[in-house]
Amino acid sequence: MSAKKTTEKKSAEASSAKSAASAKSKDPQEQIYQRIFSYMDLDMNGLVSVEEIHNTLAARGYTPDNQRVREFCEKLKGLKKDKIDLPTFKEIARNHIILLEKALSGGLVIPDFQKFTEQLETMFAEAAKNDGGQVADYIPQLAKVPPESFALSVCTVDGQRWSIGESGEFFSIQSTSKPFSYCIALEAHGRDKVHKHVGREPSGQRFNEIVLNRNGNPHNPMINAGAIVTSSLVRPELPPAERFDFFIGVIQKLCGETGEPVFNNAVYLSEKETADRNYALAYFMRENKSFPKNFELQETMDFYMQCCSVEMSSEMMATAAATLAFAGICPTTGERVFSSGAVKDCLSMMSSCGMYDYSGEFAFRVGMPAKSGVGGCVIIVVPNLLGMCIWSPPLDEYGNSVRGVQICQELVNTYNFHTYDSLIKTSSKKTDPRMRQTSSQAQNIWTMIWAASQGDLDEIRRLEALGVDINEGDYDGRTPLHLAVAEGQAAAVQHFVSRGAHVDVKDRWGETPMQEAKRQKRDDIIKTLSGGKKSGG
Ligand code: GLN
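Rules behind the numbers
Residues numbered from 1 in each chain as written. Predicted model: local features only at pLDDT ≥ 70, side-chain atom pairs only at ≥ 80, totals over all residues. Heavy atoms only, no water. Axes fitted to C-alpha atoms, helices over the stretch in contact; angles between N-to-C directions. Helix = DSSP H or I, 4+ residues; strand = E, 2+ residues; numbered from the N terminus. Parallel < 35°, antiparallel > 145°, perpendicular 65-115°, else oblique. Left-handed = near helix turned anticlockwise from the far one by under 90°. Contact = heavy atoms within 4.5 Å. Nonpolar A, V, L, I, M, F, W, Y, C, P; charged D, E, K, R; others polar. 1 Å grid on protein atoms, 1.4 Å probe; cavity = no way out; pocket = protein on both sides within 12 Å on 5 of 7 lines; lining within 4 Å. Points joined across faces, edges and corners; volume = space filled by probe spheres on them. Pairing = 2+ DSSP bridges. Core = buried A, V, L, I, M, F, W, Y, C linked by side-chain atoms within 4.5 Å. Buried < 20%, exposed > 50% of the residue type's maximum accessible area, 1.4 Å probe, protein only.

Between helix α4 (residues 67-78) and helix α5 (residues 86-93), whose axes approach to 9 Å, the crossing angle comes to 140°. Between α4 and α5, the interaxial angle falls into the category oblique. In this structure, the crossing between α4 and α5 has a hand that is right-handed. Across the interface between the two elements, Phe 72, Lys 75 and Leu 76 from α4 touch Phe 89, Ile 92 and Ala 93 from α5. The residue makeup of the contact of α4 with α5, split by class, is five nonpolar, no polar and one charged.

Moving on, we get to the layout of surface pockets. Counted as a void, the second largest pocket has a volume near 420 Å³. Along its surface, the second largest pocket is lined by 22 residues, and Asn 416, Phe 417, His 418, Thr 419 and Asp 421 are the ones closest to its centre. Residues that form the lining of the second largest pocket fall into these classes: nine nonpolar, eight polar and five charged.

Pairing in this open sheet of three strands is antiparallel, and the strands run β5-β7-β6 from one edge to the other. On the outer flanks of this sheet lie β5 (171-172) and β6 (262-263), each paired with one strand and no other. The sheet contact formed by β6 and strand β7 (residues 310-312) spans two bridges and is antiparallel. Its bridge partner being in β7, Phe 263 is matched across the sheet by Val 310. Against the sheet, helix α14 (residues 314-325) touches β5 and β7, its axis set at about 95° to β7.

A word on the nonpolar core. Of all hydrophobic cores here, the largest spans 104 residues; its most connected members are Met 317 and Phe 417. It is α14 that contributes the most residues to this core, eight residues altogether. With residues up to four places along the chain from it excluded, the contact list for Met 317 reads Phe 171, Ile 173, Thr 176, Phe 180, Met 312, Cys 377, Ile 379 and Cys 389. Among the nonpolar cores identified, the runner-up in size contains 50 residues, and Leu 76, Ile 449, Leu 481 and Leu 483 belong to it.

What follows is the structure in structure tokens.
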């Protein structure tokens, strides 16, 4: 075939594809697919390159390894094509359309994620010039970490992720384990019981100072003494091995599928070898009756030091911080790890006590809940927006990462992330990367119904975790189950039925999901529904 003929053939194919894409459908759902498709159809020829889809998603914080888009990207890869047309796009996007629509229509919590990460990159480069501080050496293994190690990672509550530097390297989490042990203790015993043993005030002293408050308790759960006490409240009834497995299991849930936390035995042994100060604290607290009854000192100390010896990467830590930002739900898996009440208490504690004896100054200047560890990690939480982790081992005189603190400061110079920035809207030069959120319950219900019609189980589970009632209907009384049945989404129907959705609920026209299924002659769905729950029962 001549070159000319080939070109002719190509353009004929393209124009027929184009007419397919541009024939605007009257169906509003169809229009959404068309809109998303044409957004990426840069040449307007009815074909979208797979590379363009990847670039579009990456710019919004979703690389193919991101759990929120992994399945979609795998389907895309499975096509083994460079370009796809609208019907193919529809086919593979079907169960993921809500996230795609949100991403492309500016509906994610940080709509211009690329701009945001470009600014982070500048802050990172600026901080990299700062070579102040000393790597902690009172735990010998920590002194071996290369001081130039540097990473920054961010994860939003929509699961948008981005990292720079050595973000896959594992480091010792040290005191950044403290907020997590505190949350676990709160979940198990409630606030009153936990705070019978530990206070809620900054100590104003170093993180390992031998000092207790007026009640003979440690000042707060974010310093060594307080964390030793909260550790004593974490599943003490379990044998030591299971107790640690339980802890690391919770950490795993916090960081979703971004990696697996590991235990560094060398750090643990090194820490144990040089733990005189922590033992002194524990004996002092035992003398002062700070601990709960029947606690076992040696086991508690071992467990505390094991928690400090867990290793994670900055990518994982940012996701764990984002779980706190999302009130206890991991943004990558949609799993609830902590109750929102426990997270609220933990963030309050991090705000006032997370940065040791620099906490007051940090709260004044930066105004975000944060926690640091002597391994050089700092986590920051912007509630309802994001979690961030900076890892750079050299520490300042307070024991906080020098570059970590610098980036926190730079963040609030640039963005209105300080808790009280909301008060100075007009005069401030700071920007807000957030989407203007009108995310009311009504909107969530509407999204749930739409997710049901598209069979988007990922979104359905996320909305459930946010507390959306699956039996709630729209203004026509159509529930998520009605829509899942109407669109023949068998897996979604199965899911709703297993979650106790009412199968006999009537919409405005008096129709139940079962009648709808019979009309559609979907025997498989009828069968699923017949095992379902009635509204009265
Ligand atoms: N494991 C360290 C200790 O107990 C934790 C201290 C820290 O990170 N500030 O001293």
